[in-house]
Amino acid sequence: MSCDKDKLFNSGVLVEHVEGALLPPQEKWEAKKGGYVVIECPKRIPCNPCHTSCPAGAVLPFEDINDTPKIDYDKCTGCGICVSRCPGLACFVIDLTVGKGQALIKLPYEMLPLPSKGQKVKCLNRVGEEVAEGEITSVTEPSKDKTYVLSVLIPKDKADDIRAVKVQ
Ligand code: SF4
Ligand code: SF4
């Protein structure tokens, strides 16, 4: 993977994988029902709800509050709790085992209107371009003031690109 932090920090958009954008080990990921967390948080900032909210201890303790998150994939259940707790909307869960050329992504959603189960949505890449069509399989209501989590069936070959949806 290429590494170009200037491109990220000048644009504010993670346009490609950079150091700190953590991906699960591919072979285990392909076989892991429920998927693994993918955290795209390469900038040192004083923030750690991904760690404090994880019930499985999969996001390792921060030595310094400014550290970027590190993950023990053996502990990640794919529950998606961190997706709703991350204030940077930087946590996703991606399940590559659903078959039929599809993947399931759990992503944070803070827009209106809310979609409903079965609804088709436009899938957007990191810069907001439409790259595919997806289907909502669930909408998880947040607790308190946290963020909705959408589960979306997407083309598997776009799992590395899709990070948002547009609801019409
Ligand atoms: S998906 Fe669940 S288990 Fe995995 S890191 Fe997030 S909160 Fe922890
Ligand atoms: S909660 Fe989100 S923004 Fe904060 S450190 Fe974790 S991944 Fe980054």
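Residues numbered from 1 in each chain as written. Chains lettered and ligands numbered in written order. Predicted model: local features only at pLDDT ≥ 70, side-chain atom pairs only at ≥ 80, totals over all residues. Heavy atoms only, no water.

**Here we look at the site of ligand 2**
(1) Moving on: Ligand 2 sits among Ile-39, Cys-41, Ile-45, Cys-47, Pro-49, Cys-50, Pro-69, Cys-86, Pro-87, Gly-88 and Cys-91.
(2) Moving on: Split by residue class, the shell around ligand 2 holds ten nonpolar, one polar and no charged. (Near = heavy atom within 4 Å. Nonpolar A, V, L, I, M, F, W, Y, C, P; charged D, E, K, R; others polar.)

**Observations regarding the pairing of strand S5 (residues 120–124)**
(1) Moving on: Across five bridges, S5 lies against strand S6 (residues 130–140) in antiparallel orientation. Residue pairing in the sheet places Val-121 in a bridge with Gly-134 of S6.
(2) Moving on: Linkage of S5 to S6, two consecutive antiparallel strands, is achieved through a turn of five residues, within which Gly-128 is found at a positive phi near 85°.
(3) Moving on: Pairing of S5 with strand S8 (residues 164–166) involves three bridges; the strand directions are antiparallel. Each residue of the ladder has a partner; that of Leu-124, found in S8, is Ala-164. (Pairing = 2+ DSSP bridges. Helix = DSSP H or I, 4+ residues; strand = E, 2+ residues; numbered from the N terminus.)

**What to know about the site of ligand 1**
(1) Moving on: Near ligand 1 lie 13 residues; those nearest to it are Cys-54, Cys-76, Cys-79, Gly-80 and Cys-82.
(2) Moving on: Its residues assigned to classes, the shell around ligand 1 comprises ten nonpolar, three polar and no charged.

**A few points about the environment of His-51**
(1) Moving on: Inspection of the secondary structure puts His-51 in helix H3 (residues 49–53).
(2) Moving on: Separated by 31 residues in the primary sequence, His-51 and Cys-82 place their C-alpha atoms 7.9 Å from one another.
(3) Moving on: Residues within four places of His-51 in sequence aside, it is in contact with Val-59, Leu-60, Pro-61 and Phe-62. (Contact = heavy atoms within 4.5 Å.)

**Some thoughts on the environment of Pro-24**
(1) Moving on: By the secondary structure assignment, Pro-24 is in the loop between strand S1 (21–22) and helix H2 (26–31).
(2) Moving on: Its relative accessible area of 4% is what places Pro-24 among the buried residues.
(3) Moving on: Between the C-alpha atom of Pro-24 and that of Asp-74, which follows or precedes it by 50 residues, the distance is 9.9 Å.
(4) Moving on: With residues near it in sequence (within four places) discarded, Pro-24 still touches Trp-29, Tyr-36, Val-37, Val-38 and Tyr-73. (Buried < 20%, exposed > 50% of the residue type's maximum accessible area, 1.4 Å probe, protein only.)

**Quick notes on the pattern of salt bridges**
(1) Moving on: Counted under the stated rule, the structure contains nine salt bridges.
(2) Moving on: Two residues, Lys-28 and Asp-74, come together in a salt bridge whose shortest N-O distance is 2.4 Å. A residue pair is termed long-range when its members are at least 10 positions apart, and Lys-28 in helix H2 and Asp-74 in the loop between H3 and helix H4 (81–85) qualify at 46 residues.
(3) Moving on: Note on Lys-28: relative accessible area 40%, which makes it partly exposed.
(4) Moving on: You can call Asp-74 exposed: its relative accessible area is 60%.
(5) Moving on: The shortest N-O distance in the salt bridge between Lys-166 and Glu-130 comes to 2.8 Å. Residue Lys-166 is located in strand S8, and its partner Glu-130 is located in strand S6; the two are separated by 36 residues in the primary sequence. (Salt bridge = Lys/Arg side-chain N within 4 Å of Asp/Glu carboxyl O.)

**A closer look at the side chain of Lys-106**
(1) Moving on: Looking at where Lys-106 falls in the secondary structure, it is placed in strand S4 (residues 102–109).
(2) Moving on: For the buried residue Lys-106, which engages in no salt bridge, the nearest side chain bearing the opposite charge is Asp-95, 7.5 Å off.
(3) Moving on: Reaching out from Lys-106, the side chain makes a polar contact with the backbone oxygen of Gly-78 at a distance of 2.8 Å.
(4) Moving on: If sequence neighbours within four positions are ignored, Lys-106 has contacts with Gly-78, Cys-79, Gly-80, Val-83, Phe-92, Val-93, Val-149, Leu-150 and Ser-151. (Lys, Arg positive; Asp, Glu negative; His and termini not counted. Polar contact = N/O pair within 3.5 Å; in protein donor to acceptor, adjacent residues only side chain to side chain.)

From the geometry alone we can't say anything about function, so treat these as descriptive.
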